[in-house]
Structures are given as structure tokens and as C-alpha cells.
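Spelled out, the chains give:
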Amino acid sequence: MREACLILALLTLGACSKSDTAPGPGGVTMGEARALDEAAAMLDERRPPAEALEPSQPQATQAAQ
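Keep in mind that this is a model prediction, so the values were computed, not measured.

Helices and strands together make up the secondary structure of the chain, namely 4 helices and 0 strands. Reading the secondary structure of the chain in the N-to-C direction produces α-α-α-α. Across the 65 residues that make up the chain, the buried fraction comes to 5%. A total accessible area of about 6000 Å² is found for the chain, and carbon and sulfur atoms account for 62% of it.

Below, the structure is given as C-alpha cells:
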């Protein structure tokens, strides 16, 4: 009996979460919002070092030197 109550409680808690098709923030579904968050995290991990983002000298100026 105790195991049945535990299983019932777990199933009930599982039903409380929003489904992937439920409306989410910004007019997207919860599944789409989760996918966008995961993609943003992947892009943040692949961000180049700060030195790579500094502007370099124009090509014409380098050729003239």
C-alpha cells in the first residue's frame, strides 16, 4: 500500500509541470523557450576571447605600410 501511495504521489507531481506546448514567455511555447535557452547557453560557451573581438587595422592601411 505504501508503494502505491508513493507512485501515485510521483505521478501527480509529474502532471503539475507545464507541457512543451503550454504557452510560455514571449509568445513561444515552453518547449521553444527551453530550446532557445539551451541554444543561448551553447553560444555563450563558444564565445571567442576578448582579444578576438577588438577591431583590427583596415586592410588598405596595412598594405600601405
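This part takes up the pattern of salt bridges. Enumeration according to the criterion identifies 1 salt bridge in this entry. The salt bridge involving Asp-44 is made with Arg-47; its shortest N-O contact spans 3.1 Å. On the accessibility criterion, Asp-44 (47% relative accessible area) is partly exposed. On the accessibility criterion, Arg-47 (55% relative accessible area) is exposed.

Criteria and thresholds
- Residues numbered from 1 in each chain as written.
- Predicted model: local features only at pLDDT ≥ 70, side-chain atom pairs only at ≥ 80, totals over all residues.
- Heavy atoms only, no water.
- Helix = DSSP H or I, 4+ residues; strand = E, 2+ residues; numbered from the N terminus.
- Buried < 20%, exposed > 50% of the residue type's maximum accessible area, 1.4 Å probe, protein only.
- Areas by Shrake-Rupley, 256 points an atom, 1.4 Å probe, with all protein chains shown as cover.
- Salt bridge = Lys/Arg side-chain N within 4 Å of Asp/Glu carboxyl O.

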